[in-house]
Amino acid sequence: MSELALFGGKPAVTYVGTGKNDGTDMFKWPIITKEDEDAVLEVLRRGGMSGTDVTKEFEKEYCAWSGSKYALGTCNGTAALLAAMYGAGVGRGDEVICPSITYWASCTSALTLGATVVFADIDPMTLCLDPKKLEAKITNKTKAIMVVHYLSYPADMDEIMAIAKKHNVKVIEDVSHAQGGLYKGRKLGTIGDVAASSLMAGKSFAIGEAGILQTDNLEIYERAIGFGTYERFGADIQTDYLKPLVGLPLGGHKHRMHQLSSACGRVQLKYYDERCEEIRKAMNYFWDQLEGVPGIRAHRVDESTGSNMAGWYAAHGIYVPEELGGLSVTRFCEALRAEGAGVGPGCNLALHTHAVYNIADVYNDGKPTRIAFADKDVREMDKDLEVSENIGKRTYNIPWFKKFDKEIIDQYVNAFKKVCANYKELLADDPGDPEKLGGWHFFNHSAKKAN
């Protein structure tokens, strides 16, 4: 009988979680304690859900923690990204450069503002925006570069900021995957002109359905307030051209953070760094044990540079099929699932291939929305995104450990080693990979079950 569980062998992983989010389960997240519950109940019982007092305290604490001068809580990460674009001055006819491999919220808000999205390719190992591919995408219409610290990996901010400065364009950091992460000793979200982050329940910094914007630029901050936070767009606004407009939201949006989320956020923030340190200890141990195993590479930053992977949100690995006889990542993951290591192939699908960015006339302009106010057909610039179009066949999600338990992690390590060592048995019935691998939306946040 084969060693592989797929062919009747004994599965390598026997761990069964508790299902509790109290810190005892290897995968359950976020960790919720009585302190979180009491904070939320205090707001609920006094009817303060739609106020701003708790949110303002959360924003102050977030600034002290992150190192930013200003922070603005929003109802979700998408709203924070939209407000960041508006704050940075993105408007009709402008271009926003964004990696094609990301969640749609990173860039789709540009269409709401009448701007267009220009997609740039990613680096095949970091999975972040490739600086070498960036400068060719900049035109006289470029207003901002959206940098996504994808799957917690810090993008190459030195190179990106140098290019942005050379061409006088704003940099927006999407930190939704990497809250609290470091790039050469600097907190992600404090390097660009403005940053935005999702704080929804599946993220590593999870406080509910919420988002947050951060910046050191007063004008950007006040523009973001004016765009969708009407009750705070008042007499204390300092930007001169905004003063005559106070009282109503400029964009007609209501982006206020719900105070059940901000109450939870204040508690989560107190323990977030130490919990992330535990996650990183577990995830680095996992990859350390797999160093040198053919067919797989760690998707992780070198921490000796002063950078780190934050809470290692939606952890993935890099697949090298040529080292395993061309075995498809689909078959590879099927064998791992049989071992009890619930993984799935692919990552986000390349956004530039979606109909929204090609044919959708969202606002009835008589032409595709992406080019409705553009001076050229930017879809022609999508032809050199080869890495983005094929990266699904070279990526897969891995277990996202929240606790360092060597015995349990070793079970998953052994599952990967077993499948890689016996890959030849999998080649005979390998169906190959489908044309597209991954999805437009969410990952399996626990990585305990298959995608």
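Details of the structure are given in the entry above.
To keep things clear, this report deals only with the structure shown in the data block. As the structure is a computational prediction, the values presented were derived from the model and not from experiment. (Residues numbered from 1 in each chain as written. Predicted model: local features only at pLDDT ≥ 70, side-chain atom pairs only at ≥ 80, totals over all residues. Heavy atoms only, no water.)

To continue, consider the overall build of the chain. Along its length, the chain carries 12 helices and 14 strands. Taking 451 residues into account, the globule formula puts the C-alpha radius of gyration at 22 Å, and the chain, at 22 Å, falls close to it. Overall size of the chain, expressed as C-alpha extent along the three principal axes, is 80 × 55 × 40 Å. About 17,900 Å² of surface is accessible on the chain, with carbon and sulfur atoms providing 50% of the total. Taken as two groups, the 52 positive and 60 negative side-chain charges of the chain have centres that lie 2 Å from each other. (Helix = DSSP H or I, 4+ residues; strand = E, 2+ residues; numbered from the N terminus. Rg over C-alpha atoms; globule rule 2.2 N^0.38 Å. Areas by Shrake-Rupley, 256 points an atom, 1.4 Å probe, with all protein chains shown as cover. Lys, Arg positive; Asp, Glu negative; His and termini not counted. Charge placed at Lys NZ, Arg CZ, Asp CG, Glu CD.)

So, on to helix α6 (residues 157-167). When we look at burial in α6, the residues that qualify are M157, I160, I163 and A164. Seen end-on, α6 carries its buried residues on one side only, within an arc spanning 135 degrees. Among the exposed residues of α6, those oriented more than 90 degrees off its buried face are K165 and K166. The inward-facing, buried residues of α6 contact α5 (131-134), β4 (142-148), β5 (170-174) and β6 (182-183). (Buried < 20%, exposed > 50% of the residue type's maximum accessible area, 1.4 Å probe, protein only. Arc of directions from axis to C-beta. Contact = heavy atoms within 4.5 Å.)

Here we come to the environment of K170. Turning to its location among the elements, K170 is positioned in strand β5. K170 sits in the partly exposed class, given a relative accessible area of 29%. Taking C-alpha positions, K170 is 46 Å from T18, a pair spaced 152 residues apart along the chain. Leaving out residues up to four positions away in the same chain, K170 has contacts with A88, K143, A144, I145, D193 and I220.

Take the packing of helix α3 (residues 77-87) against helix α7 (residues 218-228) next. Helix-helix packing is described using two parameters, namely the angle between the two axes and the distance between the axes. Viewed as axis vectors pointing N to C, α3 and α7 meet at an angle of 125 degrees, and their least axial separation amounts to 8 Å. Taken as axis vectors, α3 and α7 run oblique relative to one another. Remark: the crossing between α3 and α7 carries right-handed chirality. For the pair α3 and α7, contact is made by L82, A83, Y86 and G87 and by I220, R223, A224 and F227, respectively. In terms of residue class, the contact of α3 with α7 is made up of 6 nonpolar, 1 polar and 1 charged. (Axes fitted to C-alpha atoms, helices over the stretch in contact; angles between N-to-C directions. Parallel < 35°, antiparallel > 145°, perpendicular 65-115°, else oblique. Left-handed = near helix turned anticlockwise from the far one by under 90°. Nonpolar A, V, L, I, M, F, W, Y, C, P; charged D, E, K, R; others polar.)

Time to look at the packing of aromatic side chains. Under the definition given, this model contains 25 aromatic pairs. Their ring planes at 70 degrees and their centres at 5.8 Å tell us that F27 and Y412 sit as a pair that is edge-to-face. Taken together, the positions of F27 in the segment before α1 (34-45) and Y412 in helix α11 (residues 406-421) put the pair 385 residues apart, joining distant regions of the chain. For the residue pair F27 and Y412, the accessibility class agrees, reading buried in each case. An angle of 70 degrees between the planes, with centres 5.4 Å apart, marks the rings of F332 and Y396 as edge-to-face. Here F332, found in helix α9 (residues 329-338), pairs with Y396, found in strand β13 (residues 395-397); they are 64 residues apart in sequence, far enough to count as distant. When its relative accessible area of 0% is taken as the criterion, F332 is described as buried. A network of ring pairs unites the aromatic residues Y15, F27, F286, W287, Y319, F332, Y396, F401, Y412 and F416 as a single cluster. The ring of W65 has K187 lying over it, and the distance from NZ or CZ to the ring centre is 4.1 Å. (Phe/Tyr/Trp six-rings, centres within 6.5 Å; stacked < 30°, edge-to-face > 60°. Lys NZ or Arg CZ within 6 Å of the ring centre and 35° of its normal.)

Next up on the list: the side chain of S204. Assignment of secondary structure puts S204 in the loop between β8 (194-198) and β9 (211-215). The exposure class of S204 is buried, given its relative accessible area of 1%. Within the structure, the side chain of S204 is placed 2.9 Å from the side chain of Y272, a separation counted as a polar contact. Among all residues touching S204, those that are not within four sequence positions of it are W29, Q179, Y272, G311, Y313 and W400. (Polar contact = N/O pair within 3.5 Å; in protein donor to acceptor, adjacent residues only side chain to side chain.)

Okay, unusual backbone geometry next. Omega for the peptide link from W29 to P30 comes to 0 degrees, which places this bond in the cis form. Note on placement: P30 falls in the segment before α1. The phi angle at S152 is positive, at roughly 80 degrees, despite the residue not being glycine. With respect to the secondary-structure elements, S152 resides in the loop between β4 and α6. Positive phi is not limited to glycine here, since W312 has a value of about 55 degrees. Among the secondary structure elements, W312 is positioned in the loop between β10 (296-298) and β11 (316-319). When its relative accessible area of 0% is taken as the criterion, W312 is described as buried.

Ordered in space as β10-β11-β13, the 3 strands form an open sheet in which the pairing is antiparallel. Across the chains shown, the open sheet's two edge strands, defined by having one partner strand only, are β10 and β13. Each neighbouring strand pair of the sheet contributes to a mean axis angle of 35 degrees, computed without reference to strand direction. The sheet contact formed by β10 and β11 spans 3 bridges and is antiparallel. Directly across from R297, in β11, lies its bridge partner I318. (Pairing = 2+ DSSP bridges.)

Here α1 contains 12 residues, and its C-alpha end-to-end distance of 16 Å stays within 8% of the 16 Å for a straight helix at 1.5 Å per residue. Two residues or fewer past α1, G47 is found with a positive phi of approximately 70 degrees. (Expected span 1.5 Å × (residues − 1).)

On to the sheet that holds strand β3 (residues 116-120), then. The sheet built from 7 strands is open, its strands ordered β1-β9-β8-β5-β4-β2-β3 with mixed pairing. Every interior strand has two partners, whereas the edge strands, β1 (70-74) and β3, have only one. Averaged over all adjacent pairs, the angle separating strand axes in this sheet is 20 degrees, with direction ignored. Where β8 lies against β9, 5 bridges are found, and the strand directions are antiparallel. Paired with A196 across the strands is L213, a residue of β9. Here helix α2 (residues 53-66) sits on the sheet and contacts β1 and β9; the angle it forms with β1, its principal contact strand, is near 135 degrees.

From the geometry alone we can't say anything about function, so treat these as descriptive.
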